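The chain contents come next:
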Amino acid sequence: MSHKKHQASPDSSSQPDGNNEPLPPLSPKDFRTYNRMAEQMNQFHNHFRLTWNQLQDACTSTGKKPGGLSPRQLIMAGLSFCSQLDFHHSIEEQHIFPVLAKKMPEFRRELELLTQHRQIHKGLEKLEAYLTKCRSGEVDLQREEMKRLMDGFGDVLWKHLDEEVRTLGAENMRKYWSLQEMARLPM
């Protein structure tokens, strides 16, 4: 399964108070202020997209050193990916989402972005457990098995990477936050 990078698309739907009137256009400066978190989050997410694709390529390439990675390098790169993504989610859940949840329903515990985190984490745990066994020599690395484990949570991961950035985009953020509040938000 190879995923392509998606662009965040603006959403200019109604305001959270039920007002269906479109919001006035933003100046370029105000757009940058409102879009800051989406841009920063997209930089983190692009790192995960790139790493995911490198791991997938290494699992599906044929040849002496598929994807340019030896088995040891692939194991270590996979474990690093798991650790970094888990750390990223921990920071979001502890420091960013609680602040955003005060005004934005998308970041409240029971809703989709956090549900996606849980689904992704389950897949990460399985991948990390497998790669840890490979690193210790308990089992030999099977690239097909690694790919199968990654495919088990790939769709939800890519959906999440896109939706989270879109949710943090200027057109959505301006529905909930003033320009002054944006300056105080984490990230």
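Residues numbered from 1 in each chain as written. Predicted model: local features only at pLDDT ≥ 70, side-chain atom pairs only at ≥ 80, totals over all residues. Heavy atoms only, no water.

### Observations concerning the overall build of the chain
Formally: Strands are runs of DSSP state E lasting at least two residues, helices are runs of H or I lasting at least four, and both sets are numbered from the N terminus onward. Relative accessibility decides the category of a residue: with a 1.4 Å probe and only protein chains considered, values under 20% of the type maximum give buried, values over 50% give exposed, and everything between is partly exposed. Whether two residues are in contact is decided by their heavy atoms: any pair within 4.5 Å suffices. Per-residue and other accessible areas were derived by the Shrake-Rupley procedure at a 1.4 Å probe size, with only the shown protein chains allowed to occlude residues.
Of the regular secondary structure elements, the chain holds six helices and zero strands. Along the chain direction, N to C, the helices and strands of the chain fall in the order α-α-α-α-α-α. Counting only residues that meet the buried cut, the chain has 40% of its 187 residues in that class. By sequence separation, contacts in the chain at least 24 residues apart represent 78% of the contacts at least 6 residues apart. As displayed, the chain offers around 10,400 Å² of accessible surface, 51% of which is attributable to carbon and sulfur atoms.

### Thoughts on the pattern of salt bridges
Here is the rule: We count a salt bridge whenever a side-chain nitrogen from Lys or Arg sits within 4 Å of a carboxyl oxygen from Asp or Glu.
Throughout the structure, instances matching the rule amount to six salt bridges. In this structure, Glu145 and Arg148 form a salt bridge, with 2.7 Å as the shortest nitrogen-oxygen distance. Of this pair, Glu145 and Arg148 both sit in helix α4 (residues 143–167), three residues apart, roughly one helical turn. Judged by its relative accessible area of 26%, Glu145 falls in the partly exposed class.

### Structural notes on the nonpolar core
So the rule is basically this: Nonpolar cores are built from buried Ala, Val, Leu, Ile, Met, Phe, Trp, Tyr and Cys residues. Side-chain atoms within 4.5 Å join them into one set.
Phe81, Leu127, Leu131, Leu141, Met146, Phe153 and Leu157 are the most contacted members of the largest nonpolar core, which has 26 residues in total. Broken down by secondary-structure element, the contributors of at least two residues to this core are α1 (28–60), α2 (71–101), α3 (112–136) and α4. Take this core: its biggest share by element is eight residues, from α4. With residues near it in sequence (within four places) discarded, Phe153 still touches Trp52, Gln119, Ile120, Gly123, Leu124 and Leu127.

### Here we look at the packing of aromatic side chains
Defined as follows: The aromatic pairing rule takes the rings of Phe, Tyr and Trp, using the six-membered ring of Trp, and pairs them if the centres are within 6.5 Å, calling planes under 30 degrees apart stacked, those over 60 edge-to-face and the rest tilted.
Within the structure shown, the criterion is met by four aromatic pairs. Ring geometry for Trp52 and Phe81: centres 5.9 Å apart, planes at 55 degrees, overall tilted. Within this pair, whereas Trp52 is found in helix α1, its partner Phe81 is found in helix α2, the two being separated by 29 residues in sequence. Both rings, one in Phe97 and one in Phe107, keep their centres 4.8 Å apart while their planes meet at 55 degrees; by these two values the pair is tilted. Here Phe97 is found in helix α2, whereas its partner Phe107 is found in the loop between α2 and α3, with 10 residues between them in sequence. Overall, Phe97 belongs to the buried group, its relative accessible area being 2%. Residue Phe107 is classed as buried on the basis of its relative accessible area, which comes to 2%. Grouped by ring-pair contacts, the aromatic residues Phe48, Trp52, Phe81 and Phe153 constitute a single cluster.

### As for the environment of Pro186
Tracing the backbone through its elements, the reader meets Pro186 in the segment after α6 (179–184). Of the residues examined, Pro186 reaches a relative accessible area of 21% and is grouped as partly exposed.

### Here's the deal with the environment of Met37
Tracing the chain through its elements places Met37 in helix α1. Once the C-alpha coordinates of Met37 and Met173 are considered, the two residues, 136 residues apart in sequence, prove to be 9.1 Å apart. With near-sequence residues (within four places) excluded, Met37 lies in contact with Ile96, Leu100, Leu168, Met173, Leu185, Pro186 and Met187.

### Examining the packing of α2 against α3
Rules: Under this scheme, a helix contributes an axis fitted over its contacting stretch, all axes are lines through C-alpha atoms, and angles between N-to-C directions fall in the 0 to 180 degree range. For classification, angles of less than 35 degrees are called roughly parallel, those exceeding 145 degrees roughly antiparallel, those between 65 and 115 degrees roughly perpendicular, and all remaining angles oblique. The crossing is said to be left-handed when, going from far helix to near helix, the turn is anticlockwise and less than a right angle, and right-handed when the turn is clockwise. Under the convention adopted here, Pro, Cys and the residues Ala, Val, Leu, Ile, Met, Phe, Trp and Tyr are nonpolar, Asp, Glu, Lys and Arg are charged, and Gly plus all remaining residues are polar.
α3 packs onto α2 with a crossing angle of 150 degrees between their chain directions and a minimal axis gap of 9 Å. Accordingly, the angle class assigned to the pair α2 and α3 is roughly antiparallel. α3 is crossed by α2, and the crossing has left-handed handedness. Broken down by class, the residue content of the contact of α2 with α3 amounts to 13 nonpolar, five polar and six charged.

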